[in-house]
Every structure is written in C-alpha cells, then in structure tokens.
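Results of the structural survey
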Amino acid sequence: MKVVNLKQAILQAWKERWSDYQWAINMKKFFPKGATWDILNLAEALLEQAMIGPSPNPLILSYLKYAISSQMVSYSTVLTAISKFDDFSRDLCVQSLLEIMDMFCDRLSCHGKAEECIGLCRALMSALNWLLRCAAFYTEKFKEMLDQAAAENQLKMCLERLEKILDSMKNRALIHIAKLEETSSWSTVEQSLVKLGENLNSLSSPQLRSQADECISLIKSIPTMLSAHSDQLNKTGFPTIHAVVLLEGTMNLTGETQPLVEQLMMVKRMQRIPSPLFVLEIWKACFVGLIESPEGTEELKWTAFTFLKVPQVLVKLKKYPQGEKDFTEDVNCAFEFLLKLTPLLDKADQRCNCDCTSLLLQECSKQGLLSETNMTNLAAKRTADREHAPRLKSAENANIQPNPGLILRAEPTVTNILKTMDADHSKSPEGLLGVLGHMLSGKSLDLLLAAAAATGKLKSFARKFIKLNEFTKHISGEGSKAASVRALLFDISFLMLCHVAQTYGSEVILSESSPTGEVPFFETWMQTCMPEEGKILNPDHPCFRPDSTKVESLVALLNNSSEMKLVQMKWHEACLSISAAILEILNAWENGVLTFESIQKITDNIKGKVCSMAVCAVAWLVAHVRMLGLDEREKSLQMIRQLATPLYSENTLQFYNERVVIMSSILEHMCADVLQQTATQIKFPSTGMDTIPYWNLLPPKKPIKEVLTGVFTKVLEKGWVDSRSIHIFDTLLHMGGVYWFCNNLVKELLKETRKEHTLRAVELLYSVFCLDMQQLTLTLLGHILPNLLTDSSKWHMLMDPPGKALAKLSVWCALSSYSSHNRGQASARQKKRHREDIEDYISLFPLDDTQPSKLMRLLSSNEEDANILSSPTDRSMSSSLSASQLHTVSMRDPLNRVLGIGAGESVHHVQSQNCPGYHRSQLAPRPPCCCKGHSCLVNTAFPSTVLGMRRWERSHGKSSESCFWITPGNVDPTDSPCWV
C-alpha cells in the first residue's frame, strides 16, 4: 500500500474491525520508515474519518487514542486537528474531542527540533481559540431557550477543559510564546474572548459565570505574565542579604559591626532593595540561623548575634540616608511583615523556649529603633498569634532557662567581670578565683564569651586573661595555699584562652606588639605549639626543645613523685618543657624501660593538678602522630587516651570537674583530624553537646567537584544558602583552592539559561564569594574572565543571560573588594586562612600608572551614589576624588592592579587572526615584533580593568611592543556587545 492511500488504509482497518494494536502493527508495515506520521497528517486523517456522522466512530477514535498513547503522533498535530472541527452542533463529537484533550493537556511536552516546539505553542493557542469558540456557541444557545440543560452541560465541559489548560503556568507560557510568534492568531483569540464575554450575562448559573470569568481573566493575563512574574520574583526574597547575615552570624561573630553595615548597605544599593524588605530579610536570616544552629556553643553564638549584635547593626544603619521615610518606620514595617511569617516565628519560639519576637522588640525599643507605641502594638499582635501556636509542655522543658534571656543578662555581667579583672590580682587572688569558678559552672563560660563576642568585648576579655596568666609567673615566698591558688589561676586562664582560640579564632588572642617587645607566654605557645585547622606542626621544631636541664628535672618529677608539687612551680616553663619530657617518656616506654603502669602514674601526675599540662602534652603528641607510620602510632595514641581520661581522686585541686570539661573539649578539637586519619576512637568526657559542630561535612569517597556542584544546585533550587552549605563551601574553598573554587562555580553559573535563574545564581554566588571576597575577585578578574574572553571557542557561553549575569557578578565583586580593600577591612575568617597565593599580580599586570582606573573614575563620578554608600560619620569613600588623590593610589597593590590596568581603553570588537610571519591588521602601524607565527588579537580593546589580560610583551633591548592594539579613544565603549 502506498503512502498516498492513508485514507484507504484507515477504511480497510474499519471494515476488517482491526483492534487498535493490530491497526498500529499493520500501519507500520504498510508505510515506509522514512516518513513520520505527523508529516502524513495521521491525526487529522483519523479525526476526519471518525467525525463523518452525527456521532463519532468509536473504532477509529480508538486508533487515534492508541496513536497518542504510543506517541505515533505528536500532541501538536492532535491539537491542530481538533481545532479544525467547527460543527459544534454535534454534541457527541465535541464531547469525544474534549475527552481526547484530557489525555495529554496536563502534561504537554515536545521532544524534537525548535520548529516542533514552536509548533506545539501554536497548536495550543489554536486549541485555546477552539475552546473559546465552543464555549461562545453554547452560551448563544442559552439565548435561544432551546434545550438549555444540554447546552449547560456542554458549556460546563468546555469551561472545565479551559480551566484545566489555563491553570498551568507552563501552558500559559507556551501560549505567550505563540502570541509573540503569531500576532494575527492572538487577535483571533481576543475576538473569541470578546464574543464569549458578551454572552455571559445570559447564563443563569452563577457557578458557570464565575468559572467563565476566571478563565477570561487568566487569558487576559497572558500578555503581561512575563513582567508580572518578574515583579513577583523580585519581591519574594533577597538571598544575598540572607546569606551575608548567615555568614556573619556563623563565622564572624567577633567581627566589627561597621564592615558588616557597609557590606549590607552596598548590597542594598546594588540590588535596589526597599528599606522595609531589607530589614525584614535581616530578621528572617536571624530566625533561620536560630532554628538551624546546632545545640551547644553554636546556638549560644547565634542567640548573641541575633539579640545583641544585629540591633547594634541596625543602629548604625539608621545613620545612613534612607530617603524621605524615617528608619524607625521602616523597622516597624519590617516587623509587621515578620509577624505574618507565623510558622517561622513559632519554630524559633519552640527552639528557644520563649517569645523571641517580644524580646527582640524590647531590645529594639531600648536602642531607639522602635517607638514605645509601635513596640506595644507589635508585641500584642504576636501575643495573640502565640495563643494558637504549638508548645512543648513538659516538666523538663519548663525547667530550662531560655538562651535569649540568659544572653541578655550575660551582657552586663561581661562588663562587671572586665572591671573585676582590672583590679590588682595580688591583693585578693582568692576572690578572683571565686569569680572564675562561677564562670566555669554549667554553660556560663560559653554564655559570657558569646555575649562578649557579639558586643565587641571578646578581645578585651582575652587580654585580661593573658594578663592574669602572666601574673602567675611572679613567685614570691608562698605557702601551699597561695601556691594552689596560683596554679588554679594559671590553669583556668590557660584553658579559657585555649577555648576562646578554638571557638572564635586565634586572631582574637593576638595582641599588638608591646613597647618592650616581650610576647606573653600564651601567645608564644599558641602560635608555635597549638594545633589548629590548616596548621601543621613540626614535632622536632626548636619550640618543642627547651633547656635540657629543665626537661630532665621535669621527667624526674613526673616519674618519681606521687603527685605534682605546687610550691615555687613555674607553670609556664613546665608547659614549654612537657613536650620534650613526653618524647623522653615515650622513647623509654617504646624501648621497654618504662611499663604501662609507670606511664599511667606519669599521665596521672600530668593531669592531676593542672589540666593545662595535659593540653600541652597532647598538642605535641598530635604533631608527633602525624609524622609516624600507621604501625608506629599505637603507644602515642594510648598516651593521648590516658591524658584525656579524667582522674578520679580526692587530691585534685578546686573546680577540677569543671576544668576537665573544658580540657576535654579542647583535646577533642586538637585530636579530631588525627583520630579521623588513624580511624581511632577516644571517648572524651561528655559535655552534653556537640563540641565540634560543622566538622567532617564532606561525604567520603566522593570527588570534591561533585560535592561542590551538588551543593550549589541544591542551594539554587532552594533559593537561599543555609548554614550547613556555607560551611561546606568554606571547606571546599580551603581544600580546592581559590582558582578551582571560583572556576567551577562560574561554570555552574554559565550553565543557567533562564533569566530569573541566572539572577538568583548571581545573588547566591556573590554571597558565597563573601567567604574570601578579595582573593576570589582577583582570581575571577585576573584569570577566569581573561580565559573566557580570549578563547573564541568559549564565547557562545557568554551569550545573554549567563554572560550578562557573569558581568554583573564581576562588577559586584570588584566594587565590594575595592571598597573594603581601601578601608582595610579583611574579616577575621579571611585573615586566618592558610592558602596558596594565587599569582604575583605585579608581574601579571605591568605597571602603567599614567591614568586612573575606570573603577576609580566610576566611583568618583556620581556624587549622589557615593553619598549613599558612605557613612555620615565616616566618609572613607569620598563622594568625589580629586586628581591628586587618584594619582596617589598605589598601582603596585594586586587588587588595584587587576582593577586599574589600561584605564581609558575602549572596547570595539574582537578579530582573531593567524599571523604566519606577518601581521594582517590594517590598523597596525607596522608589523609588531611579536607576530611570528602566533595568533594575535587585532583591533582589540578589551579593558584590562575588567579582563586583567597579561600584555604579551617581547623585549628587544630597552623597547617592547604589545600585541594588543587599542582602538581610538573616540569609540564609545557602550556600543560593543562585550561591554558591561
């Protein structure tokens, strides 16, 4: 049978009463494989034969349904065939066609070329027009008063299908595409819409009238759906603000408030965020952080950040110009929005076991951020909402004091303790010891440290304890009681400082160089002997090898005495000598000189009186174990286990149990990496909380690139970065390095093809780059962008929207880095990183200081924008930079060089040429000396300010010529598609 006899094949199947699957098999036999069923118009041919009589032919309709189910015909050809049927008086035929539409209209898809996808859009718009005509026909029948029941039933079926199609945003988007493709067809739809609207008044059923009105309104919204959808996206949230606040609360509680304020203001300005929504996003991030934070120290840190630091941030934000509206009104409006997020507030209240919102309102009122009237009004609304909130009513829960209340009470206590620590320690050491003992009980220490960190007093707190630790060096004729007090003061101050360094970073401990040049003992020990993340210690370093006579006397004391002596004991010397003493003891044990019982006695002496000696011993053992083979580590690990086990004896000094809890936490942090590498388990005394939160987050046996892309994909789907993801990103940045991290995330950005997705990806990437903004900006502008822009095979990746998104990310990063760099604001988390330097940017970008950079001219050109960025009290970014100021900018600084090279260049176009021995550019005044078989970029003027391209210079004596020829200065850079 030939292709032209498709109608004859259908009739033969009907005559012989083939079943649907028999028909499909025979049809495939009859017709060649080359032509598709859509080209043969199979769907239209089947419908034409099925709709000959007053009622449809059920057998032929079954063939069509089988063809649809088995994907012999596409959805577009079926919809097109249905839309050609116009005899609406045949009710049964219309019903059959509506039933066929039910088969696939809720899952429309198209697999094929772009033309076929556009065909589906057109077919759907034709089907929409057919349904409107069908509905208009049955509404007219109402006017004629003929068989109204049948007309109402048919109309109901039509409107149900219309509603089903239009309820899907995807279907409306497909219709919108068809409208853009065929304006004339959309005009037909509008005419059918008008005709249906004219007849709606004749409907007696209010339900049908309401259904029809809803369909009409959905169709009318199709032309404006893009703009409406865009507005909706912009109002749903601001992930950059959310992530910046989460990052600060999770990793930089000790940082100053001013850099955070300026960063938030910069984001607010760059993304044009309205003030009430800006403040709302800050509060949302705080509540999410409270809910997400792991139990223990992290929970206390987040509580302090939310209730103590963020109100101070808002006080500083209040000083910035906010437009005509008063900032207190913006804060009030933000709280009004926040109260509508009832599930979020209820979850936070459940977690903290108190009314968090009321406490925040009171704190904001104290700081002058809310009027008394507004505070009372907002508190009353929240109290009413809490009446219906689920609560945990248990005896155990009722006895737990809420952390927010404890933190707010801890703030004045920190001030009182600082005053106490300022007193002369020699006059009343016993009284000071009592104060320190109260600090060690329960979670008091972590509460006080969190409150001090959030209020900027932690560094002062640490200085007081270093001063106290130094005080214990001074020994005058002392009795046993005075000696035990001095030992306890040394031990408690040492343990507290270790705990602060591990929880908040060692940079909090470090002091400015003293006039005498003397470095305190604890700072020396911490910098040279204390294991930290990213710091590998050498166990054979001279710092672990003090005076041999002191080591020998310490070994003899530990081995021969039943317990450590206290009188006239120089604890700082003992802590410095313990590493070498442990080495001697370990060697003796390994060579069989000492038995295990002797080792137990020695370790009991080390940890029996002061826990700090055990900490120093384990610090050296951790460094020592790293250098040993797997079969050599057993005795060292056994010694660590012995030192970590508390001593149950009556001869211990005061507050021993409290000190052991802190010691165990310190040792657990120190040993975490070594224990993981050696697959060893050491049970530290339980403190009732997770002592190492956010540790060991990476899944085992999975490439880090897969982890990075997986986490970023999840973050992009959610639309915001959570605390766990931030820590995973931080770990991957530390592990993979700046270039690897930046390059792979930029690749993920360039994979996005939808405008709203790229916008969200840029906001999230900018917030992730805040982990180390300056280094990532240098890498992005100095390496990633030049590689993309100078490789023609990658230019297709830079098309809009991903290309425009990458440009936006580059500008945001450049502006943020330059602004914070000029103020010298590197956060603590960036200062403590131990990473490789990326490249010598002075060699990468040759000096050319004749002109100021584009970025500096950009920042100095707009007085109004600069005023928005700068604080009224600290205008470090001047609203207008003078020529002399621009001239004094150091172009030897890496960031200034990557932003400022080749200022004044303009972008024209790119043309890549092979130059086999000569230069083909007509723009070049003469063949440059570098063009010998190399590929040159001619008539190029990429702004090195953005690209950071290395000028490929070949020196010949004292002269050098560049491969990059700059277009004349009268070319408008904005004329080029490459310009951002």
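Residues numbered from 1 in each chain as written. Predicted model: local features only at pLDDT ≥ 70, side-chain atom pairs only at ≥ 80, totals over all residues. Heavy atoms only, no water.

1. Some words on the overall build of the chain
Tallying secondary structure elements over the chain gives 46 helices and four strands in all. Looking at the chain as a whole, 53% of its 980 residues qualify as buried. Contacts in the chain between residues at least 24 apart in sequence constitute 78% of all its contacts with a sequence separation of at least 6. Working note: accessible area of the chain is about 44,900 Å², and carbon and sulfur atoms make up 52% of it. (Helix = DSSP H or I, 4+ residues; strand = E, 2+ residues; numbered from the N terminus. Buried < 20%, exposed > 50% of the residue type's maximum accessible area, 1.4 Å probe, protein only. Contact = heavy atoms within 4.5 Å. Areas by Shrake-Rupley, 256 points an atom, 1.4 Å probe, with all protein chains shown as cover.)

2. Details of the environment of Trp 571
Mapped onto the elements, Trp 571 comes out in helix 29 (residues 571-590). Sequence separation between Trp 571 and Phe 490 is 81 residues; the distance between their C-alpha atoms is 7.4 Å.

3. Observations regarding the confidence of the model for the chain
Considering every residue of the chain, the mean pLDDT works out to 76; 77% of them sit at 70 or more. Predicted confidence for residues 901-980 stays below pLDDT 50, and this span has 159 contacts to residues more than four positions away or in other chains. (pLDDT = per-residue confidence, 0-100.)

4. A few points about the packing of helix 6 (residues 91-102) against helix 8 (residues 148-166)
Helices that pack against each other are described as a pair by the angle of their axes relative to one another and the distance between those axes. For the pair helix 6 and helix 8, the least separation of the axes is 11 Å and the interaxial angle reads 20°. The angle between helix 6 and helix 8 falls in the class roughly parallel. Where helix 6 crosses over helix 8, the two elements pack in a sense that is left-handed. Two secondary-structure elements touch here, helix 6 through Asp 91, Val 94, Gln 95, Leu 98, Glu 99, Met 101 and Asp 102 and helix 8 through Gln 154, Met 157, Cys 158, Arg 161, Lys 164 and Ile 165. Across the contact of helix 6 with helix 8, the residue classes break down as six nonpolar, two polar and five charged. (Axes fitted to C-alpha atoms, helices over the stretch in contact; angles between N-to-C directions. Parallel < 35°, antiparallel > 145°, perpendicular 65-115°, else oblique. Left-handed = near helix turned anticlockwise from the far one by under 90°. Nonpolar A, V, L, I, M, F, W, Y, C, P; charged D, E, K, R; others polar.)

5. A word on the packing of aromatic side chains
In the structure shown here, the tally under the stated rule is 17 aromatic pairs. Between Phe 88 and Trp 130, the ring centres sit 5.9 Å apart and the planes meet at 50°, which makes this aromatic pair tilted. In this pair, Phe 88 is assigned in the loop between helix 5 (75-83) and helix 6 and Trp 130 in helix 7 (residues 114-143), connecting sequence segments 42 residues apart. The burial state of Phe 88 is the same as that of Trp 130; both residues are buried. Seen in terms of ring centroids, Phe 88 and Phe 137 are 5.9 Å apart; in terms of plane orientation they differ by 45°. Their pairing is tilted. Note that Phe 88 is positioned in the loop between helix 5 and helix 6 and Phe 137 in helix 7, a separation of 49 residues in sequence. A connected cluster of aromatic rings, assembled from ring pairs, spans Phe 490, Phe 494, Phe 521, Phe 522 and Trp 525. Sitting above the plane of the Tyr 504 ring, Lys 301 keeps its charged end 5.0 Å from the centroid. Over the face of the ring belonging to Trp 720 we find Lys 718, whose NZ or CZ atom lies 4.6 Å from the ring centre. (Phe/Tyr/Trp six-rings, centres within 6.5 Å; stacked < 30°, edge-to-face > 60°. Lys NZ or Arg CZ within 6 Å of the ring centre and 35° of its normal.)

6. So, the nonpolar core
Proteins that are soluble and globular tend to have nonpolar side chains buried together. Core analysis: the biggest nonpolar cluster contains 212 residues, and Trp 525 and Met 613 have the highest contact counts within it. It is helix 26 (residues 480-504) that provides the largest number of residues to this core, a total of 15 residues. For Trp 525, the residues in contact, after removing those within four places along its chain, are Phe 494, Cys 498, Met 530, Leu 576, Val 615, Cys 616, Ala 619 and Met 670. (Core = buried A, V, L, I, M, F, W, Y, C linked by side-chain atoms within 4.5 Å.)

7. Section: unusual backbone geometry
A cis amide bond links Asp 800 to the next residue, Pro 801, at an omega of 15°. Phi is positive for Arg 17, close to 50°, though the residue is something other than glycine. The residue Arg 17 is located in the loop between helix 1 (6-15) and helix 2 (20-30) in this model. For Arg 272, which is not glycine, the phi torsion reads 55° and is therefore positive. Topologically, Arg 272 is positioned in the loop between helix 14 (257-271) and helix 15 (275-292).

8. Notes on the side chain of Thr 306
Note on placement: Thr 306 falls in helix 16 (residues 297-318). Those residues in contact with Thr 306 that lie beyond four places of it in its chain are Trp 283, Cys 286, Leu 290, Pro 311 and Leu 360.

9. Remarks on the state of the cysteines
For the structure shown, the criterion picks out zero disulfides. There is no disulfide at Cys 498, and the cysteine sulfur nearest it, in Cys 616, is 7.0 Å away. With a relative accessible area of 0%, Cys 498 lands in the buried category. (Disulfide = S-S within 2.5 Å.)

10. A closer look at the pattern of salt bridges
Taken as a whole, this structure holds 26 salt bridges when the rule is applied. Among the ionic pairs, Arg 351 bridges to Glu 299, the shortest N-O distance being 3.3 Å. Separated by 52 residues along the polypeptide, Arg 351 in helix 18 (residues 342-352) and Glu 299 in helix 16 bring together distant segments of the chain. Among the ionic pairs, Glu 363 bridges to Lys 366, the shortest N-O distance being 3.9 Å. Of this pair, Glu 363 and Lys 366 both sit in helix 19 (residues 356-366), three residues apart, roughly one helical turn. A relative accessible area of 64% places Lys 366 in the exposed class. (Salt bridge = Lys/Arg side-chain N within 4 Å of Asp/Glu carboxyl O.)

11. Focus: helix 10 (residues 183-199)
Between the first and last C-alpha of helix 10 there are 25 Å, a value that for 17 residues agrees with the 24 Å anticipated at 1.5 Å per step. All of the buried residues along helix 10 are Trp 186, Val 189, Ser 192, Leu 193, Leu 196 and Asn 199. For helix 10, the angular spread of buried residues about the axis comes to 135°, placing them on one side. In helix 10, the exposed positions that point more than 90 degrees away from the buried face belong to Thr 183, Ser 184, Gln 191, Val 194 and Glu 198. On its buried face, helix 10 is in contact with helix 7, helix 9 (169-181) and helix 11 (206-221). (Expected span 1.5 Å × (residues − 1). Arc of directions from axis to C-beta.)

12. Some remarks on the packing of helix 15 against helix 18
The geometry of helix 15 relative to helix 18 is characterised by a closest axis approach of 9 Å and an angle of 40° between their N-to-C directions. The orientation of helix 15 with respect to helix 18, classified from their angle, is oblique. When you trace helix 15 past helix 18, the crossing you get is left-handed. Between helix 15, through Lys 284, Phe 287, Val 288, Leu 290, Ile 291 and Glu 292, and helix 18, the contact on the second element is made entirely by Leu 344, Leu 345, Lys 347, Ala 348, Arg 351 and Cys 352. Residues that form the contact of helix 15 with helix 18 fall into these classes: eight nonpolar, no polar and four charged.

13. Topic: a positive patch on the surface
A contiguous patch of positive charge on the surface is contributed by Arg 272, Lys 755, Lys 804 and Lys 808. Mapped onto the elements, Lys 808 comes out in helix 39 (residues 802-822). Overall, Lys 808 belongs to the partly exposed group, its relative accessible area being 33%. (Patch = residues over 30% accessible without salt bridge, like charges linked within 9 Å, V, L, I, M, F, W, Y side chains within 5 Å. Lys, Arg positive; Asp, Glu negative; His and termini not counted. Charge placed at Lys NZ, Arg CZ, Asp CG, Glu CD.)

14. Concerning the environment of Leu 341
By secondary structure assignment, the location of Leu 341 is in the loop between helix 17 (327-339) and helix 18. Take Leu 341: its relative accessible area is 31%, and that puts it in the partly exposed class. Separated by 57 residues in the primary sequence, Leu 341 and Lys 284 place their C-alpha atoms 9.0 Å from one another. Non-local contacts of Leu 341, meaning those with residues more than four positions away in its chain, are made with Leu 280 and Lys 284.

15. Overview of the environment of Asp 800
One can find Asp 800 in the loop between helix 38 (773-789) and helix 39. Along the primary structure Asp 800 and Arg 754 are separated by 46 residues, whereas in three dimensions their C-alpha atoms are 9.3 Å apart.

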